[in-house]
Amino acid sequence: MLLKNATVINPAENFEGKSDIRIENGIITEFSPNLKSNSNEETIDLEGKIITAGLVDMHCHLREPGFTAKETIKTGISSAIEGGYTAICPMANTNPAVDNVTTLIYTKNQAEQKIGFYPICAVTKGLYGDKLVNVSELIDNGAIAFSDDGKPIENMHLLREAIKYINSHNKVIISHSEDSSLASGGVINEGKISTRLGLKGIPSITESLAIARELEIVKSINGRYHFAHISAKRSIELIRQAKKEGLNVTAETAPHYFSLTEDDMVDYDAKYKVNPPLRTKEDLEAVIEGLKDGTLDAIATDHAPHTVAEKQKPIQNAPMGISGFETALGLTLTNLVHTGKLSLIAALGKLNYNPAKILGIENQGIIKIGAEANLTIIDLNEEWIVNAQNFKSKCRISPFDGFKLKGKVKMTIINGKIYKIGK
């Protein structure tokens, strides 16, 4: 297969320019301008399109086993491919949790190798926060990282020992930073909207207080650590200062934190209910600044699907989370790149190279000769309307339903196999 005439954006090598790519047996064999077509190969003219390394989602939820009414591994993978992802890292908060080899192998087998599938295993048994999992055994069977995401680890002694032990295996903990006593019973961000709607709020200090505590732990042991779904200005300030001090920490945000604020929640619609909650305009601007200056290394979807029936419950009873795979790139391009807040190469790097680098995933997030052909083809200027009813995900409720976005995935190529989007 020969991909011709596209503009290649390869953040891993800081490369941006016209180039052709030849793929043989799923491997990139040539990467150069003006390659000649062979008579026995398929040639695809991508004039006007962007080729970048396949997107890598370092934080998603596929719900299987245990919650297959919300999503299955199969439907989640289909949704991820539709969004341009060639690699995904599902979290462990299933039922049973991915805290043992049996469940880990089950999830990997369900993935059928259709996509780069890199499970994140629980830090603690059952996500209960009190007993460490068998780290080495899980790594030997494919764990890419460890997280109790969905629940904070608030036993600081256990967290300290977990960081040391997991780091000794060259793996990282991904933190769900939250003070559960402050968050308990909260529905949306604590502020003017929660007051107007009469809903219990979740203050932003819920996140920043936990981050401050965890940073002290990381500093005390010279550890390595990653912060998930950052949403608040103060959190970003703390992480920025930690990086300036030389701490080995990384952080991600999600598209809804640079696309929406609490002001978008005009009524009691649970499609806006996420965790952490949508925050203020000041927080949104801080998230964007954090992406610009590198405080926030990655953009992850935090794809967290639920059934329509669950999300249509009264907001106090509805679960937190939204479908994220199929809108992430469009939101990033629309709200960051086309607005001039982030360059295209910087934005794509936070969607492919940086997540792969943080987690140590090989053959993802990079375009180079000899690497597996995991690529995303993008029309940077195509405008489209989000229609949640057309999602490949089982979760077809989205706060972005009806939004006009600019920039669309056209093909996802995984190990040299083409998946045309919208087919």
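Bear in mind that the values here come from a model prediction, so they are computed numbers and not experimental data.

J.: Teacher, can you tell me more about the sheet that holds strand β7 (residues 85-90) here?
T.: Adjacent strands of a sheet pair through backbone hydrogen bonds, lying either parallel or antiparallel. Pairing is parallel in the open sheet, where three strands are placed in the order β6-β7-β8. The open sheet is flanked by β6 (55-60) and β8 (116-117), the only strands paired with a single partner. Sheet topology places β6 next to β7; four bridges connect them, and they run parallel. Paired with L55 across the two strands is Y85, which belongs to β7. Of the strands in this sheet, β7 and β8 are in contact with helix α1 (residues 73-82), which crosses β7 at around 135°.

J.: Honestly, the sheet that holds strand β11 (residues 174-175) in this entry has me stumped. Any pointers?
T.: Taken together, four strands build an open sheet; the order of strands is β11-β14-β15-β16 and the sheet is parallel. Every interior strand has two partners, whereas the edge strands, β11 and β16 (298-299), have only one. Bridging between strand β14 (residues 224-227) and strand β15 (residues 248-253) involves four bridges; their strand directions are parallel. The partner of H226 across the bridge, within β15, is T250.

J.: Help me understand the packing of aromatic side chains, please; the structure alone is not making it clear to me.
T.: By the definition in use, this model includes four aromatic pairs. Judged by centre distance (5.6 Å) and plane angle (80°), the ring pair of F15 and F31 falls under edge-to-face. Of the two residues, F15 is situated in strand β2 (residues 15-24) and F31 in strand β3 (residues 27-32); the sequence distance between them amounts to 16 residues. Since its relative accessible area comes to 30%, F15 is described here as partly exposed.

J.: Honestly, empty space enclosed by the protein in this entry has me stumped. Any pointers?
T.: Over the atoms, a rolling probe the size of a water molecule traces out where space has been left empty. A full pass over the atoms with the stated rule returns six cavities of 30 Å³ or more. Every residue lining the largest cavity is listed: L62, E64, I73, P90, M91, T94, V98, T107, F117, P119 and I120.

What counts, and where the lines are drawn
Residues numbered from 1 in each chain as written. Predicted model: local features only at pLDDT ≥ 70, side-chain atom pairs only at ≥ 80, totals over all residues. Heavy atoms only, no water. Pairing = 2+ DSSP bridges. Helix = DSSP H or I, 4+ residues; strand = E, 2+ residues; numbered from the N terminus. Contact = heavy atoms within 4.5 Å. Axes fitted to C-alpha atoms, helices over the stretch in contact; angles between N-to-C directions. Phe/Tyr/Trp six-rings, centres within 6.5 Å; stacked < 30°, edge-to-face > 60°. Buried < 20%, exposed > 50% of the residue type's maximum accessible area, 1.4 Å probe, protein only. 1 Å grid on protein atoms, 1.4 Å probe; cavity = no way out; pocket = protein on both sides within 12 Å on 5 of 7 lines; lining within 4 Å. Points joined across faces, edges and corners; volume = space filled by probe spheres on them.

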